[in-house]
Amino acid sequence: EADIYQTPRYLVIGTGKKITLECSQTMGHDKMYWYQQDPGMELHLIHYSYGVNSTEKGDLSSESTVSRIRTEHFPLTLESARPSQTSQYLCASSEPGPHEKLFFGSGTQLSVL
Amino acid sequence: AQRVTQPEKLLSVFKGAPVELKCNYSYSGSPELFWYVQYSRQRLQLLLRHISRESIKGFTADLNKGETSFHLKKPFAQEEDSAMYYCALNPGANNLFFGTGTRLTVIP
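The structure presented is a predicted model; accordingly, all values stated were derived computationally and were not measured.

Asks: Please clarify how the nonpolar core should be interpreted in this entry.
Replies: For soluble globular proteins, the rule of thumb is that nonpolar side chains tend to be buried together. Residues and elements named next belong to chain B. Residues W35, L72 and Y85 are the most contacted members of the largest nonpolar core, which totals 25 residues. Elements with a contribution of two residues or more to this core: strand 2 (10–14), strand 3 (19–21), strand 5 (32–38), strand 6 (45–49), strand 9 (83–90) and strand 11 (102–107). Sorting elements by how many residues they give to this core places strand 9 first, with four residues.

This is how it looks when you write it as structure tokens:
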């Protein structure tokens with residue numbers, strides 16, 4: 001079934017740890033996105049990709065990196081996690097075309113202690 | 001700069017009553033506007049987009065360029081409409097700007 005998957009759903013880690021949040025989609029979409037959302041706040045785009053080997057930073061500065069080696073896979077890495085990065089991270093992909101509809105994953109709730 | 005404002009964090013209405021979730025935007029060009037919804041324990045998903053001029057689950061939204069608004073309306077609220085609603089603006093770049101969301105509760 002075509003879908004977008006995020007793992008883990010919840011993660012608690014210590015400061016300074018390196019972590020990778022996984023995102024995979026089987027929808028055949030070229031465009032993929034990572035959003036960050038703090039409670040009661042807007043979703044902010046932190047990274048996006050047009051396709052393989054394409055990655056761009058979004059409007060919110062984030063000390064994280066992404067890679068796009070395969071169309072279906074768009075992992076987000078925090079090299080040295082900080083408490084300020086405690087947040088919900090949402091992965092999304094979109095249909096081609098100008099009026100694109102975003103399909104979201106279930107999200108990863110990250111807590112950095 | 002692009003901005004989306006949803007003035008109400010919380011909105012409660014009785015079942016069968018009309019509901020209006022407000023959204024105002026600031027953008028100098030021709031906006032593309034969307035409403036996304038997140039039901040309890042479900043993912044964020046598209047509800048409707050202004051370009052389609054559609055009614056989804058009884059909801060409609062009209063773009064008012066003069067008032068820079070894109071309010072979401074439904075004449076008779078149902079309990080299953082209880083959810084978090086986000087207004088979003090696409091300025092034509094590769095980003096959707098989201099509002100802070102409104103939590104709608106429909107009281108039985």
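Anyway, onward from the coordinates.
Asks: Please clarify how the pairing of strand 1 (residues 4–7) of chain A should be interpreted in this entry.
Replies: Within a regular strand, side chains alternate between the sheet's two faces. All names here are of chain A. Burial along strand 1 is one-sided: the face carrying I4 and Q6 is buried and the face carrying Y5 and T7 is not. The pairing of strand 1 with strand 3 (residues 19–25) spans four bridges and is classified as antiparallel. Considered in strand 3, the bridge of I4 is made with Q25.

Asks: Mind showing me how you'd approach the state of the cysteines here?
Replies: Put plainly, a disulfide is one covalent bond tying together the sulfur atoms of two cysteines. Tallying each qualifying case throughout the model produces two disulfides over all chains. With its sulfur 1.9 Å from that of its partner, C23 of chain A forms a disulfide with C91 of chain A. Handedness of the C23 of chain A-C91 of chain A disulfide follows from its S-S torsion of about -75°: it is left-handed. Placement of C23 of chain A in strand 3 and of C91 of chain A in strand 9 (residues 87–94) is noted, with a sequence separation of 68 residues between them. According to the relative accessible area criterion, C91 of chain A is buried, its value standing at 0%. Residue pairing for C23 of chain B: its cysteine sulfur links by disulfide to C87 of chain B, the two sulfurs lying 2.0 Å apart. The chirality of the disulfide connecting C23 of chain B with C87 of chain B is left-handed, given an S-S dihedral of about -65°. One end of the pair, C23 of chain B, is in the loop between strand 3 and strand 4 (24–26); the other, C87 of chain B, is in strand 9, and 64 residues separate them in sequence. There is no split in this pair, since C23 of chain B and C87 of chain B are both buried.

Asks: How should the packing of aromatic side chains be read in this particular structure?
Replies: We describe a pair of aromatic rings using the distance from one ring centre to the other and the angle between the two ring planes. This model, assessed by the stated rule, comprises 10 aromatic pairs over all chains. Between Y35 of chain A and F98 of chain B, the aromatic rings sit 5.5 Å apart at their centres with planes inclined by 90°, giving edge-to-face as the arrangement. One end of the pair, Y35 of chain A, is in strand 4 (residues 31–37); the other, F98 of chain B, is in strand 10 (residues 97–98), on a second chain. Judged on exposure class, the residue Y35 of chain A and its partner F98 of chain B are both buried. Joined through ring pairs, the aromatic side chains of Y33, Y35 and F104 of chain A together with F34, Y36, Y86 and F98 of chain B make up one cluster. Positioned above the aromatic ring of F74 of chain A is the side chain of R68 of chain A, whose terminal nitrogen or guanidinium carbon lies 5.7 Å from the ring centre.

Asks: Quick question: what am I supposed to make of the interface of chain B and chain A here?
Replies: Often, the extent of an interface is quoted as the loss of accessible area upon association of its parts. In this assembly, 18 residues from chain B lie in contact with 23 residues from chain A. Buried surface at the junction of chain B and chain A, both sides included, amounts to about 1,800 Å², of which 48% is carbon and sulfur. Counting every contact that joins chain B to chain A gives one salt bridge. There are seven residue pairs in polar contact (both at pLDDT 80 or more) connecting chain B and chain A. At the level of secondary structure, the elements contributing two or more residues to the side of chain B that touches chain A comprise strand 5, strand 6, strand 9 and strand 10 of chain B. In terms of residue class, the side of chain B that touches chain A is built from nine nonpolar, five polar and four charged.

Asks: What should I look at first to understand the pattern of salt bridges in this one?
Replies: Pairing between side chains of opposite charge can happen when their charged atoms approach one another. As enumerated under the stated definition, the model contains eight salt bridges over all chains in all. With a shortest N-O distance of 3.1 Å, R70 of chain A and E72 of chain A are connected by a salt bridge. Owing to a relative accessible area of 44%, R70 of chain A belongs among the partly exposed residues under this scheme. Relative accessible area serves as the criterion here: at 33%, E72 of chain A is assigned to the partly exposed category. Taking the shortest distance from any N to any O, the salt bridge between E79 of chain B and K15 of chain B comes out at 4.0 Å. Placement of the pair is E79 of chain B in the loop between strand 8 (72–74) and strand 9 and K15 of chain B in the loop between strand 2 and strand 3, with a sequence separation of 64 residues. The exposure class of K15 of chain B is partly exposed, given its relative accessible area of 47%. By sharing partners, the salt bridges in this structure join E20, K22 and K73 of chain B into a single network.

Reading the values: the criteria
- Residues numbered from 1 in each chain as written.
- Chains lettered and ligands numbered in written order.
- Predicted model: local features only at pLDDT ≥ 70, side-chain atom pairs only at ≥ 80, totals over all residues.
- Heavy atoms only, no water.
- Core = buried A, V, L, I, M, F, W, Y, C linked by side-chain atoms within 4.5 Å.
- Buried < 20%, exposed > 50% of the residue type's maximum accessible area, 1.4 Å probe, protein only.
- Helix = DSSP H or I, 4+ residues; strand = E, 2+ residues; numbered from the N terminus.
- Pairing = 2+ DSSP bridges.
- Disulfide = S-S within 2.5 Å.
- Phe/Tyr/Trp six-rings, centres within 6.5 Å; stacked < 30°, edge-to-face > 60°.
- Lys NZ or Arg CZ within 6 Å of the ring centre and 35° of its normal.
- Contact = heavy atoms within 4.5 Å.
- Buried area = accessible area lost by both parts, 1.4 Å probe.
- Salt bridge = Lys/Arg side-chain N within 4 Å of Asp/Glu carboxyl O.
- Polar contact = N/O pair within 3.5 Å; in protein donor to acceptor, adjacent residues only side chain to side chain.
- Nonpolar A, V, L, I, M, F, W, Y, C, P; charged D, E, K, R; others polar.

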